[in-house]
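Coordinates in review
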Amino acid sequence: MCDCNSTEKSIYLPELAPITKVAMMNETEMYMHLDHDIGHKPGQFVEVSIAGIGEAPISISSSPTEAGFDMVIRKAGRVTDIMHQMQAGDKLGIRGPFGSGYPIDEMKGKDLVFVCGGIGLVPQRSMINYIMDNRADFGKIAILQGTKEFAQRIYHDELERWAGVDGVQVLETIDVAHDSWNGNVGVVTTLIDKIDGIDLTKAVNLICGPPIMYKFVLMVLQEKEVSHENIFVNLERRMKCGVGKCGHCQMNGQYVCQSGPVYRYSDLANIPEAI
Amino acid sequence: MSIKKLNKDVFKSFVDSMIASDQSVVGVKEKVQAKGNKFAFGPLENADQLRLDYDVTLIPPKKYMLPQTETLLTYEVKGESKQHVDEQKLILVGVHPYDMIAINQMDELFSQDEYDTHYMTRRNNITVIACDVVNASENIFASSMETAVVEKGFDILLTDLGKGKEYVAEAITEKGEALLATAVDATDADDKDIAKRSAIQEANKKDLDKHTLNCKPSELSSLLEQAYEHPVWEEKAKTCFSCGSCNTTCPTCYCFDVQDLVNWNLKDGQRERSWDGCLLKDFANVAGDHNFRKQKESRFRHRLYRKGKYVPTKIGGQVACVGCGRCVGACVPDIANPVAVYNRLLEDIKP
């Protein structure tokens with residue numbers, strides 16, 4: 001039946017790692033860096049544990065080409081509330097990385113379009129910075145970022161930095177803007193027609209944002225006749241175990257913690273619970 | 001390995017000597033008023049308490065492998081965690097074939113991919129004495145699910161040859177062989193005994209059929225392939241209370257929740273896992289209060305798809321409903337019966 005080995009390490013046991021840097025990015029989002037290498041791939045996530053409070057699945061926001069890893073925390077529950085009170089030097093329990101991540105090899109040599117809504121940029125940044133550090137391996141890059149309000153923007157320094165890289169275009173929009181905003185106003189789909197010099201049907205299109213955003217972006221890509229094989233979505237679920245057992249992240253037959261959270265859109269054809 | 005015959009007295013002293021050993025012994029005991037006058041597994045104090053003629057227990061024996069609540073970690077608040085693994089040895093007496101098959105499925109699910117040492121350690125410390133069904137329960141449909149007899153997973157299989165006067169006991173593992181050897185007065189079973197046992201098992205294959213599924217269990221996956229939008233989900237779920245009784249009484253449900261508890265000293269505590277159920281309304285909630293299975297019918301459908309389609313893909317096609325009928329009895333609005341739902345689909349769809 002199985003090897004009897006009670007000394008085997010528990011898959012639920014987190015490893016403690018100190019937070020090395022924290023910074024508020026806006027009123028609700030906190031940036032965190034941990035000098036703790038976990039051997040992740042872009043698009044994976046970790047389970048963050050605070051003993052006495054609980055665990056929460058959190059996207060990894062940095063590329064594996066950098067030391068340690070970054071997270072961006074929105075206050076959304078018990079664990080993230082406590083994380084917001086933490087400072088450099090405090091320790092977090094970490095399990096993972098979990099999930100399958102982005103299909104990097106398949107993306108090599110191709111033009112890539114990132115469509116991000118709000119903190120959807122957070123996991124996408126793990127792939128974007130991987131590309132920046134391996135720039136020659138990839139084609140042209142378009143990064144589309146939509147934010148509800150000016151005050152909620154995140155990673156704006158980085159958006160500027162990426163915009164300065166050869167072959168990279170950054171398009172930003174704000175849903176409801178004040179007069180001081182000179183950029184595009186409207187939802188993120190209004191940026192798609194402004195992409196310059198990339199054939200969407202030949203590019204790999206990577207979408208991440210709130211649940212409501214997917215349908216609209218997918219509709220526009222459908223109009224542009226982008227094949228479903230060339231679209232990847234990054235889905236949100238409440239993974240409690242991260243290892244395909246607890247059932248909480250299941251959508252139809254798929255355990256998002258194992259086969260996701262990044263999915264090829266065509267693979268979701270028979271997964272009506274996906275979005 | 002041996003096949004023995006134990007008469008009533010030999011069997012009783014066999015059970016009593018187990019109870020006298022250093023291992024805890026758990027078996028099916030007398031019906032409990034507080035448990036709706038149903039049989040229940042519990043710690044045995046003497047052999048007379050054991051009821052191997054029971055029909056079905058309120059809660060399946062999976063609770064000994066995956067307890068309702070168990071500690072995964074102990075910790076200092078905001079500090080270091082230590083894993084907690086329960087290494088208590090246990091003998092479990094009187095597991096029916098359908099429940100054994102459910103345990104076998106869980107063994108596979110908790111050991112595949114990422115090995116769950118909490119479950120598996122507990123499992124490996126349990127010696128299972130299975131027993132063939134003597135009295136069919138009110139809602140059993142093990143005949144339809146091909147779970148009326150079991151061939152593996154247990155250490156010893158008992159078959160009552162008639163009114164508890166004689167048992168055939170077959171050991172199929174080293175652990176079972178060693179345990180059976182403690183029944184020193186048992187005799188070797190002869191061909192006639194084994195033929196009697198086969199007759200009982202053959203009869204059970206046909207007679208544990210209070211509900212009849214109108215297709216083979218192996219056809220459920222292709223049936224469900226075409227049934228996602230069928231009106232039955234809404235029809236049935238209309239009266240669902242989302243109480244999760246179908247989950248908690250199910251021998252193959254293994255989804256769980258994880259919560260941290262802090263002790264009164266506010267310094268240390270435990271991370272606990274406890275049974276959860278996909279019929280409960282918050283099961284698929286994520287941050288921001290978005291619920292991916294908000295509608296009752298989507299939760300109702302999810303359970304029957306897990307049993308007939310999703311879990312089978314993880315365990316080599318075995319259907320994750322073993323026909324115990326517990327959910328049928330537990331469901332107040334009487335909508336949980338998987339056979340009723342699958343048969344309703346079969347009226348409209350050819351698998």
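What you see is a predicted model; the values in this text were computed from it and never measured.

Here we look at the state of the cysteines
Counted according to the given criterion, the structure contains zero disulfides over all chains. Free cysteine Cys116(A): the closest other cysteine sulfur is in Cys208(A), separated by 7.0 Å. With a relative accessible area of 0%, Cys116(A) lands in the buried category. There is no disulfide at Cys321(B), and the cysteine sulfur nearest it, in Cys327(B), is 6.4 Å away.

Considering the interface of chain B and chain A
Interface size is commonly expressed as the accessible area that is lost once the parts come together. Facing 53 residues of chain B, the contacting portion of chain A comprises 45 residues. Three residues, Lys78(B), Tyr115(B) and Phe292(B), lead the burial of chain B against chain A; their summed loss comes to 15% of the area buried on that side. Counting across the chain B and chain A interface gives three salt bridges. For Glu273(A), the salt bridge goes to Arg293(B), with nearest N and O atoms at 3.0 Å. For the pair chain B and chain A, the interface holds 29 residue pairs in polar contact (both at pLDDT 80 or more). Every element with two or more residues in the side of chain B that touches chain A is listed here: β4 (69–76), β5 (81–83), α2 (97–111), α3 (117–124), β11 (256–262), β12 (268–275), β13 (285–286) and α10 (296–314) of chain B. Tallied by class, residues from the side of chain B that touches chain A come to 21 nonpolar, 14 polar and 18 charged.

Points about the pattern of salt bridges
Once the charged atoms of two side chains with opposite charge are near each other, the side chains can pair. Residue and element names in this part refer to chain B. Throughout the structure, instances matching the rule amount to 33 salt bridges over all chains. Note that Lys12 is salt-bridged to Asp48, the shortest N-O span being 3.0 Å. Placement of the pair is Lys12 in helix α1 (residues 8–20) and Asp48 in the loop between β3 (38–43) and β4, with a sequence separation of 36 residues. The partly exposed category is assigned to Lys12, whose relative accessible area is 32%.

Some points on the sheet that holds strand β3 (residues 45–50) of chain A
All names here are of chain A. On the basis of which strands lie adjacent, the open sheet formed by six strands has the order β4-β3-β6-β1-β2-β5 and antiparallel pairing. Lying at the two open borders of the sheet, with one neighbouring strand each, are β4 (54–59) and β5 (69–74). Adjacent strand axes in the sheet meet at a mean angle of 40°, parallel and antiparallel pairs treated alike. Looking at chain direction, β3 and β4 are connected through six bridges and run antiparallel.

Points about the domain arrangement of chain B
All names here are of chain B. By the assigned domains, chain B splits into domain 1 (3–207) and domain 2 (217–348). Taking only C-alpha atoms into account, the centre of domain 1 sits 25 Å from that of domain 2. Taken residue by residue, the interface counts 42 residues in domain 1 and 41 residues in domain 2. Between domain 1 and domain 2, the buried area comes to about 3,400 Å², and carbon and sulfur atoms account for 59% of it. Considering only the surface of domain 1 that becomes buried against domain 2, Tyr75, Gln105 and Phe141 emerge as the three largest contributors, covering 20% of it. Linking domain 1 with domain 2 are three salt bridges, by the criterion used here. The salt bridge involving Arg326 is made with Asp99; its shortest N-O contact spans 2.7 Å. At the boundary of domain 1 with domain 2, the tally comes to 21 residue pairs in polar contact (both at pLDDT 80 or more). At the level of secondary structure, the elements contributing two or more residues to the side of domain 1 that touches domain 2 comprise β4, α2, α3 and α4 (142–145). The greatest single-element share of the side of domain 1 that touches domain 2, amounting to nine residues, is contributed by α2. Of the residues belonging to the side of domain 1 that touches domain 2, the class tally is 22 nonpolar, twelve polar and eight charged.

Overview of the packing of aromatic side chains
One pass over the structure, following the stated rule, counts 15 aromatic pairs over all chains. Between Phe45(A) and Phe98(A) the ring centres are 5.7 Å apart and the planes differ by 50°, which places this aromatic pair in the tilted class. Here Phe45(A), found in strand β3, pairs with Phe98(A), found in strand β6 (residues 91–98); they are 53 residues apart in sequence, far enough to count as distant. Of the two residues, Phe45(A) and Phe98(A), both sit in the buried class. Through pairs of rings, three or more aromatic residues link up here, namely Tyr228(B), Trp233(B), Phe300(B), Tyr305(B) and Tyr310(B). Across from the ring centre of Phe256(B), 4.7 Å away, lies the NZ or CZ of Arg273(B), which sits over that ring. The ring of Tyr255(A) is capped by Lys314(B), whose NZ or CZ atom sits 4.2 Å from the centre of that ring.

Things to note about the sheet that holds β3(B)
Residue and element names in this part refer to chain B. Taken in spatial order, the eight strands of this open sheet run β3-β2-β6-β7-β8-β9-β1-β10, and their pairing is mixed. Single-partner strands in this sheet number two, and they are β3 and β10 (187–188). Pairing of strand β8 (residues 156–160) with strand β9 (residues 166–171) involves five bridges; the strand directions are antiparallel. Bridge pairing in β9 places Thr159 opposite Val168. Of the strands in this sheet, β6 (90–95) and β7 (126–131) touch α2, which is tilted by about 135° from β6. Against the sheet, helix α6 (residues 191–207) contacts β1 (3–7), β8 and β9, and its axis sits at roughly 85° relative to β8.

Topic: unusual backbone geometry
All names here are of chain A. The linkage connecting Gly96 with the following residue, Pro97, adopts the cis geometry, with an omega of 10°. With respect to the element layout, Pro97 can be found in strand β6. Following Gly260, the chain continues into Pro261 via a peptide bond in cis, with omega recorded as -5°. With phi around 50°, Tyr155 is a residue other than glycine that occupies positive phi space. Here Tyr155 lies in the loop between β8 (141–147) and α4 (156–163).

Focus on the confidence of the model for chain A
Residue and element names in this part refer to chain A. Across chain A, the average pLDDT comes to 93, with 97% of residues at or above 70. Summarising per-element confidence for chain A, the mean pLDDT is lowest in strand β10 (residues 184–185) (92) and highest in strand β7 (residues 112–117) (98). Segment residues 1–6 is flagged for pLDDT under 50; beyond a separation of four residues in sequence, or across chains, it makes 17 contacts in the model.

Considering the pairing of β12(B)
Residues and elements named next belong to chain B. Among the eight residues of β12, seven are classified as buried, and the element is accordingly described as predominantly covered. In terms of strand pairing, β4 meets β12 through seven bridges, oriented antiparallel. Residue Thr69 lies in a different strand from β12, and its bridge partner there is Ser274. As judged from the seven bridges shared by β11 and β12, these two strands associate in the antiparallel manner. Bridge pairing links Val262 to Gly269 in β12.

Calculation criteria
Residues numbered from 1 in each chain as written. Chains lettered and ligands numbered in written order. Predicted model: local features only at pLDDT ≥ 70, side-chain atom pairs only at ≥ 80, totals over all residues. Heavy atoms only, no water. Disulfide = S-S within 2.5 Å. Buried < 20%, exposed > 50% of the residue type's maximum accessible area, 1.4 Å probe, protein only. Contact = heavy atoms within 4.5 Å. Buried area = accessible area lost by both parts, 1.4 Å probe. Salt bridge = Lys/Arg side-chain N within 4 Å of Asp/Glu carboxyl O. Polar contact = N/O pair within 3.5 Å; in protein donor to acceptor, adjacent residues only side chain to side chain. Helix = DSSP H or I, 4+ residues; strand = E, 2+ residues; numbered from the N terminus. Nonpolar A, V, L, I, M, F, W, Y, C, P; charged D, E, K, R; others polar. Pairing = 2+ DSSP bridges. Axes fitted to C-alpha atoms, helices over the stretch in contact; angles between N-to-C directions. Domains from an automatic or database assignment. Phe/Tyr/Trp six-rings, centres within 6.5 Å; stacked < 30°, edge-to-face > 60°. Lys NZ or Arg CZ within 6 Å of the ring centre and 35° of its normal. pLDDT = per-residue confidence, 0-100.

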